[in-house]
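# Structural features, examined
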Amino acid sequence: MDFLIREFGKFNATAFSLFLLLILSVAISKVRTSFGISADIEIGFYLYIIFFWARRAEMFYVPIAIAMVGLIQDALIGTPLGGWVLIFCLFFALIHSQSRILARTPFVGVWLIFAVFSGLSYLLLLLTIGWMDNVFVDAWGLIWSGLVTIALFPIFYSLLETVFPPPQDRFLVS
Amino acid sequence: MAGRRKQISGGRTVLNAAGISLIFAMISILVLYFVPRDDPGVGQVRQTISELMSPIIRLLSLPAGVVDNLASKAQSYVSLAEERDALKLEVSQLAGARAELERTKLLLGRYRELLDINLDPDLKTVAGTIYADLRGPFAKTLLIDLGTNDGIQSGQSVVGPKGLLGRIVTVGDTSSRVILVTDFNSRIPVVIGTNRERAIMTGDNRAEPYIDFAQADAQINTDMLVVTSGDGGSVPAGLLLGVIKIVEGYAPRVELFQAPETVTQARVILAEHPSLQKLDLDLPAILGPDRGLGE
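This write-up is about the structure you can find in this document. Everything numeric in this text was worked out from a predicted model, so none of it was measured.

The next point concerns the overall build of chain A. Helix and strand counts for chain A come out as 10 helices and zero strands. What you see in chain A, going N to C, is helices and strands ordered as α-α-α-α-α-α-α-α-α-α. Counting only residues that meet the buried cut, chain A has 52% of its 174 residues in that class. A separation of at least 24 residues holds for 76% of the contacts in chain A among residues at least 6 apart in sequence.

If you look at the biggest cluster of nonpolar residues, it comprises 57 residues, and the most contacted ones within it are Leu22(A), Phe51(A), Trp53(A), Ile66(A), Phe91(A), Met53(B) and Ile57(B). Broken down by secondary-structure element, the contributors of at least two residues to this core are α2 (13-28), α3 (45-56), α4 (61-77), α5 (83-97), α7 (107-133) and α9 (153-163) of chain A together with α2 (40-78) and β3 (125-133) of chain B. Once residues lying within four places of it in the same chain are set aside, the contact partners of Ile57(B) are Ala27(A), Lys30(A), Val31(A), Leu76(A), Tyr131(B) and Ala132(B). By size, the runner-up hydrophobic cluster in this structure holds 20 residues, among which are Val181(B), Ala199(B), Met224(B) and Leu256(B).

Once that is clear, we can look at the packing of aromatic side chains. Residue and element names in this part refer to chain A. All told, the structure shown has 21 aromatic pairs over all chains when counted by the stated rule. Residues Tyr48 and Phe114 carry aromatic rings whose centres are separated by 5.7 Å and whose planes lie at 35 degrees to one another, so their mutual orientation is tilted. Of this pair, Tyr48 sits in helix α3 while Phe114 sits in helix α7, placing them 66 residues apart in sequence. Here Tyr48 and Phe114 have matching classes, each one buried. Arranged with centres 6.1 Å apart and planes meeting at 55 degrees, the rings of Tyr48 and Phe153 form a pair that is tilted. Within this pair, whereas Tyr48 is found in helix α3, its partner Phe153 is found in helix α9, the two being separated by 105 residues in sequence. Assigned by exposure class, Tyr48 and Phe153 land together as buried. Through a chain of ring-to-ring contacts, three or more aromatic side chains come together here, namely Phe45, Tyr48, Phe51, Phe52, Phe91, Phe107, Trp111, Phe114, Phe153, Phe156, Tyr157 and Phe164.

Attention now moves to the pairing of strand β5 (residues 157-160) of chain B. Residue and element names in this part refer to chain B. Because side chains alternate across β5, one face comprises the buried residues Ser157 and Val159, and the other comprises Val158 and Gly160, equally buried. Pairing of β5 with strand β6 (residues 163-171), which is carried by four bridges, proceeds in the antiparallel orientation. Bridging across to β6, Val159 finds its partner in Leu164. In sequence, β5 turns back onto β6 through a hairpin of two residues.

On to a nonpolar patch on the surface. Residue and element names in this part refer to chain A. Taken together, the side chains of Leu112, Val116, Leu120, Leu123 and Leu127 define a hydrophobic patch exposed on the protein surface, amounting to about 470 Å² of accessible area. Mapping Leu123 onto the fold places it in helix α7. Judged by its relative accessible area of 44%, Leu123 is partly exposed.

Attention now goes to the pattern of salt bridges. Residues and elements named next belong to chain B. The tally for this structure, following the rule as stated, stands at six salt bridges over all chains. Close ionic contact of Arg103 with Glu100 constitutes a salt bridge, the shortest N to O distance being 3.2 Å. Here Glu100 and Arg103 lie together in helix α3 (residues 80-115), a separation of three residues that amounts to about one turn. The exposure class of Arg103 is partly exposed, given its relative accessible area of 49%. Of the charged contacts in the structure, one is a salt bridge between Glu208 and Lys245, with a shortest N-O distance of 3.1 Å. Of this pair, Glu208 sits in the loop between β9 (197-202) and β10 (210-212) while Lys245 sits in strand β12 (residues 240-245), placing them 37 residues apart in sequence.

It is worth spelling out the pairing of strand β14 (residues 265-269) of chain B at this point. Residue and element names in this part refer to chain B. Where β3 lies against β14, five bridges are found, and the strand directions are antiparallel. When the bridges of β14 are listed, Thr129 appears paired with Gln265. Across two bridges, the pairing between β5 and β14 is antiparallel. Bridge pairing in β14 places Val158 opposite Val268.

This part is about α5(A). Helix length check: α5(A), at 15 residues, gives a terminal C-alpha distance of 21 Å against a target of 21 Å (1.5 Å per residue), a fit within 8%. Among the residues making up α5(A), those that are buried are Gly83(A), Trp84(A), Val85(A), Leu86(A), Ile87(A), Phe88(A), Cys89(A), Phe91(A), Phe92(A), Ala93(A), Ile95(A) and His96(A).

So, about helix α8 (residues 140-151) of chain A. Every α-helix winds through 3.6 residues per turn, so residues three or four apart in the chain are directed the same way. Residues and elements named next belong to chain A. The terminal C-alpha atoms of α8 lie 16 Å apart, and with 12 residues this matches the ideal 16 Å at 1.5 Å per residue to within 8%. Here α8 has its buried residues at Gly141, Leu142, Ser145, Gly146 and Thr149. One face of α8 carries all of its buried residues, which in axial projection span an arc of 135 degrees.

About the criteria used
- Residues numbered from 1 in each chain as written.
- Chains lettered and ligands numbered in written order.
- Predicted model: local features only at pLDDT ≥ 70, side-chain atom pairs only at ≥ 80, totals over all residues.
- Heavy atoms only, no water.
- Helix = DSSP H or I, 4+ residues; strand = E, 2+ residues; numbered from the N terminus.
- Buried < 20%, exposed > 50% of the residue type's maximum accessible area, 1.4 Å probe, protein only.
- Contact = heavy atoms within 4.5 Å.
- Core = buried A, V, L, I, M, F, W, Y, C linked by side-chain atoms within 4.5 Å.
- Phe/Tyr/Trp six-rings, centres within 6.5 Å; stacked < 30°, edge-to-face > 60°.
- Pairing = 2+ DSSP bridges.
- Patch = residues over 30% accessible without salt bridge, like charges linked within 9 Å, V, L, I, M, F, W, Y side chains within 5 Å.
- Areas by Shrake-Rupley, 256 points an atom, 1.4 Å probe, with all protein chains shown as cover.
- Salt bridge = Lys/Arg side-chain N within 4 Å of Asp/Glu carboxyl O.
- Expected span 1.5 Å × (residues − 1).
- Arc of directions from axis to C-beta.

Shape descriptors only; they carry no functional weight alone.
Right under this line is the structure:
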């Protein structure tokens, strides 16, 4: 119990901002517009935030927050409950497990790792939904979503790095 | 496994964030496998979450709406002269069509009297705004700002200015989810062309749904009009859907009149369809048992 209280006590302003940003990133892709890109193409803003958070998070509550947002995404889109939770949690676990390697990798490498892992996530999602609904959905929307998300990664990731600079003590530890 | 663990000050070893995340991933697989998708409870959870999220989505929609308005205004100014000419032409064509329509209405009323059926009930509708677009590769749904407070119920039909858009699947107090006719869970009974071939229009998440369960000898050709048949009583008869598009070697598809991306306002048909129930009972007797009106 002490452990839980201590861990949730670490829920600071940065964590709250990232959580809020993650919810907004899910909500913003549902905003209705008649301009810009096709509705079948969805920029995965949430993947940028999960990627960013996974590189830094060592807190107990982060996966819980990410699973919650996955559930919101499932509820909003209408995919089977658990589909996006699975993707978000696996994506987080993969990135978090590589966080030490990522810390020493130049930006192009980080981008490449994001591309591989987000590509795998989209593929897993496609297979999961195909398995659940017994249909093979038109993959083009998803392929384009993945490509656009990967292409825009440097812009949004740099923005996140600027808004949430790494804590100073991290440099001391490494 | 050691990498998934984290040493804490008390000497106990617990899972780190990645490990906890994997546990959630495993739980989600169990949920995916064991929780039925069409369970009413699941639908209610979805609707509750959608209602909770709706203020955020509406707030985020405000700037998008402003940009949309500006863009459409700018576009209107650019094509003002062209639009005026096109409208003039359309008005003169409509004037001719209107006289024909009045005559057809009179005839139709007379036929109804003769057959003692009321195919076209006075449908009560309520208009609402579509504020969230939940279309994506996996599902084609929208959120409309009408709920139980406005008399909305699950299963009611939603129409745009040019025809049927979809049906209500879940209802909250102030918002409802609309499953589009293009969603792969959508099945709409239709009649095609003047031969009145009966079939089911089935969504597969593409922009153009396909025609399924048509009779083997059905004559279905390009540009035939597709309208709802009203079979089953859940969707009123006679709502416009689109025209047939044939590609050799594939099932006929329906080019929809009402593209979902262009609709911002839609109407929900509130009326129960007593006359349609009556239609189910009377029409086999009137038209013969082989018309596929169903059990």
